[in-house]
Amino acid sequence: MKSLFFTLSFLLITGCASVDENLVLNGKSAAALENDINTIVESLPKKKKLEFMIALLSIQMDVAQSPLAFLGNPDGNAVNYELLSQHLDGLTYKQVLELASKSKSSVEVLTD
C-alpha cells in the first residue's frame, strides 16, 4: 500500500512539473490562447516560466505594428493575447521558444 501511495505521489509530482510537449496553442481567440498559455506557465518551474514569458514578449514586440499595441491593451497585461493569437495558433511550447529565438527584439528583465 505504501509503495502504491509513493508511486502515485511521484507520478502526480512529475506530471505537474513538466510541460505537455504536445499541447498545441489554440489561437482562435484571445481567451483560448490565454487559457493555453496559463496551462503551460502553471506547469513550469520558476526559471522556465520567466523564459517562456520573455519569449512571448519578444514575439509580441516583433509582430506589433506600433508601440501603442502595448499601451492599448485594455486588460493592463504585458501580454497582448489578441495580438499573439494571430501568430501562435497551432504552435507548441518548444515552437514558441524557437520562434522567439529568431526574434529581432530583445527583452531584458531588470531586477533590483
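A brief report on the enclosed structure follows.

Re the packing of helix α2 (residues 30-42) against helix α3 (residues 46-63)
The geometry of α2 relative to α3 is characterised by a closest axis approach of 9 Å and an angle of 150° between their N-to-C directions. What the angle tells us is that α2 and α3 run roughly antiparallel. Two packed elements cross with a definite hand, and for α2 against α3 that hand is right-handed. Across the interface between the two elements, I37, I40 and V41 of α2 pack against K49, F52, M53 and L56 of α3. In terms of residue class, the contact of α2 with α3 is made up of six nonpolar, no polar and one charged.

Some remarks on α2
With 13 residues, α2 extends 18 Å between its outermost C-alpha atoms, agreeing within 8% with the 18 Å of an ideal straight helix rising 1.5 Å per residue. For α2, the full list of buried residues reads A30, A32, L33, D36, I37, I40 and V41. Around the axis of α2, the buried residues are gathered within 170° of arc, so they sit on the same side. Facing away from the buried side of α2, by more than 90 degrees, are the exposed residues A31 and E42. Where α2 is buried, its residues touch α3, α5 (81-88) and α6 (93-101).

Some points on the packing of α3 against α6
Interaxial distance between α3 and α6 falls to 9 Å at its minimum, and their mutual angle equals 55°. Judged on the interaxial angle alone, α6 and α3 are oblique. The element α3 and its partner α6 pack so that their crossing is left-handed. Residues K48, E51, F52, A55, L56 and I59 of α3 lie in contact with α6, whose contacting residues are Y93, V96, L97, L99 and A100. Split into classes, the residues belonging to the contact of α3 with α6 amount to nine nonpolar, no polar and two charged.

What counts and what doesn't
- Residues numbered from 1 in each chain as written.
- Predicted model: local features only at pLDDT ≥ 70, side-chain atom pairs only at ≥ 80, totals over all residues.
- Heavy atoms only, no water.
- Axes fitted to C-alpha atoms, helices over the stretch in contact; angles between N-to-C directions.
- Helix = DSSP H or I, 4+ residues; strand = E, 2+ residues; numbered from the N terminus.
- Parallel < 35°, antiparallel > 145°, perpendicular 65-115°, else oblique.
- Left-handed = near helix turned anticlockwise from the far one by under 90°.
- Contact = heavy atoms within 4.5 Å.
- Nonpolar A, V, L, I, M, F, W, Y, C, P; charged D, E, K, R; others polar.
- Expected span 1.5 Å × (residues − 1).
- Buried < 20%, exposed > 50% of the residue type's maximum accessible area, 1.4 Å probe, protein only.
- Arc of directions from axis to C-beta.

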